[in-house]
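Chain by chain, the residues:
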Amino acid sequence: MQHNISLPGHGVRLVPLRRRHAADLYPYIDVDMWAGMASERPTSKRALERLFATRIADPSIIAFAVIDDETGTVAGTTSLYDFVPEQSRVELGMTFFGRNYWGRNVNASSKLALLTFAFEELLVHRVTLRCDVRNVRSAAAIVKLGATLEGVLRGYRHGHDGSRVDTSVYSLLEHEWPASRSGLVHRLTPADLLPEVTELIEFSEQLARADAECAPLPA
């Protein structure tokens, strides 16, 4: 959907995806890095623009470009999609980053921002994540979030080579989010700041519990 939501992160900013971001992101795309994607690989900047335009126009997709705060460059894109408010669920995906950002904290920071928005702003109960069963790199990243593997959808979609692709399905539920958030914060926070950040998170959770229970905070 067309939106104006911006999300801060640890060293990144998530801003509304626009067609113009295709010019920055198209040079990152090659056959190998696109192999696990569900959509057809764009073979031109104009094709990527069309893909982005489709996502922006879809009311069930909240798409973002990920900006590297240090350099101001566009590092990649990620989305929340298939948002069903009446069922309190959403999927997280449609993600890719330039190879020069692989192995850095850009993906983890983006996931922290998106999951915080999903659980604490959209108030969903469930976030689903999917990946091609052959995409071991993505699967490992999903597991590190604290998500649970629910199973494999056999022959779920057409692969780019004409074969049928099996898809792994993971989920993270509302009651699992605090532990997931804590793990992400520990991964992303410098050691000398971690005690202060942990204290702030604990106090925030205390405020939320007190508000939910309509109980006074301890002195």
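Starting afresh in each chain, residues are numbered from 1 along the sequence in its written order. Note on the predicted model: pLDDT of at least 70 is required for a residue's local features to be given, and 80 or more for side-chain atom pairs to be given and counted; whole-chain, interface and lining totals, by contrast, use all residues. Note that water and hydrogens are dropped before the side-chain values are worked out from all heavy atoms of the structure.

S.K.: Even after reading the chapter, I still don't get the nonpolar core, so can you show me in this structure?
M.R.: One recurring pattern in soluble globular proteins is that nonpolar side chains are buried together. By size, the foremost hydrophobic cluster in this structure holds 54 residues, and its most contacted members are Leu14, Leu80, Leu115, Val127 and Leu129. Of all the elements, helix 3 (residues 106-120) adds the most residues to this core, at nine residues. Each residue touching Leu80, except ones within four places of it in the same chain, is listed here: Ser60, Ile61, Ile62, Val90, Glu91, Leu92, Leu114, Phe117, Ala118 and Leu122. The set of buried Ala, Val, Leu, Ile, Met, Phe, Trp, Tyr and Cys residues whose side-chain atoms join them within 4.5 Å is what this entry labels a nonpolar core. Only protein chains enter the accessibility calculation, which uses a 1.4 Å probe; a residue is then buried when its area is under 20% of its type maximum, exposed when over 50%, and partly exposed in between. A run of H or I in DSSP counts as a helix once it spans at least four residues, and a run of E counts as a strand once it spans at least two, with each numbered from the N terminus. Note on contacts: a residue pair qualifies if any of its non-hydrogen atoms lie within 4.5 Å across the two residues.

S.K.: In this structure, what is going on with the pattern of salt bridges? I would like to understand it.
M.R.: Opposite charge on two side chains allows them to pair when their charged atoms are near. Every case where a carboxyl oxygen of Asp or Glu lies within 4 Å of a side-chain nitrogen of Lys or Arg is listed as a salt bridge. If you walk through the whole model with that rule in mind, you get ten salt bridges. The closest approach of N and O atoms between Arg13 and Asp69, which form a salt bridge, is 2.8 Å. Here Arg13, found in strand 2 (residues 12-16), pairs with Asp69, found in the loop between strand 3 (62-68) and strand 4 (74-84); they are 56 residues apart in sequence, far enough to count as distant. Overall, the relative accessible area of 38% leaves Asp69 in the partly exposed class. Note that Arg46 is salt-bridged to Glu49, the shortest N-O span being 3.4 Å. Of this pair, Arg46 and Glu49 both sit in helix 2 (residues 45-57), separated by three residues, roughly a single helical turn. The network of salt bridges with shared partners includes Arg19, Arg46 and Glu49.

S.K.: Before we go on, may I ask you to explain the sheet that holds strand 1 (residues 7-8) in this structure?
M.R.: Think of a sheet as strands paired side by side through backbone hydrogen bonds, with each pair either parallel or antiparallel. Read across the sheet, eight strands follow the order 1-2-3-4-5-6-8-7 without closing on themselves; strand pairing throughout is mixed. Looking along the sheet, the strands with just one partner apiece sit at the ends: strand 1 and strand 7 (148-158). The sheet contact formed by strand 5 (residues 89-97) and strand 6 (residues 126-132) spans three bridges and is parallel. The residue of strand 6 that forms the bridge with Val90 is Val127. Throughout, an axis means a line fitted to C-alpha atoms (over the contacting stretch in the case of helices), and angles, computed between N-to-C directions, take values from 0 to 180 degrees. Together, strand 1, strand 2, strand 3, strand 4, strand 5, strand 6 and strand 8 (164-173) form the strand contacts of helix 3, whose direction differs from that of strand 5 by roughly 160 degrees. When DSSP finds two or more bridges between two strands, those strands count as paired.

S.K.: How do you make sense of the pairing of strand 6 when you look at a structure like this?
M.R.: For a regular strand, side chains alternate in direction, first toward one face of the sheet and then toward the other. In terms of burial, strand 6 is largely enclosed, as five of its seven residues are buried. Between the parallel pair strand 5 and strand 6, the chain is carried across by helix 3, and the sense of this crossover is right-handed. The sheet contact formed by strand 6 and strand 8 spans seven bridges and is antiparallel. Within strand 8, the position partnered with Leu129 by the bridge is Tyr170. For crossovers, right-handed means that the path from the first strand over the helix to the second runs clockwise, given strands pointing away from the viewer.

S.K.: I'm lost on unusual backbone geometry in this one. Help?
M.R.: Phi at Asp82 is positive, roughly 50 degrees, even though this residue is not glycine. By secondary structure assignment, the location of Asp82 is in strand 4. At Met94, a position not held by glycine, the phi torsion is positive, near 55 degrees. Tracing the sequence through the fold places Met94 in strand 5. Owing to a relative accessible area of 25%, Met94 belongs among the partly exposed residues under this scheme.

S.K.: Could you clarify how one ought to interpret helix 2 in this entry?
M.R.: Every α-helix carries 3.6 residues per turn, so stepping three or four residues along brings you back to the same face. Counted at 1.5 Å a residue, the expected span for helix 2 with its 13 residues is 18 Å, and the 18 Å between its end C-alpha atoms agrees. For helix 2, every residue scored as buried is listed here: Ala47, Leu48, Glu49, Leu51, Phe52, Arg55 and Ile56. Against the buried residues of helix 2 lie helix 1 (22-25), strand 4 and strand 5. Take the number of residues in a helix, subtract one, and multiply by 1.5 Å to get its expected span.

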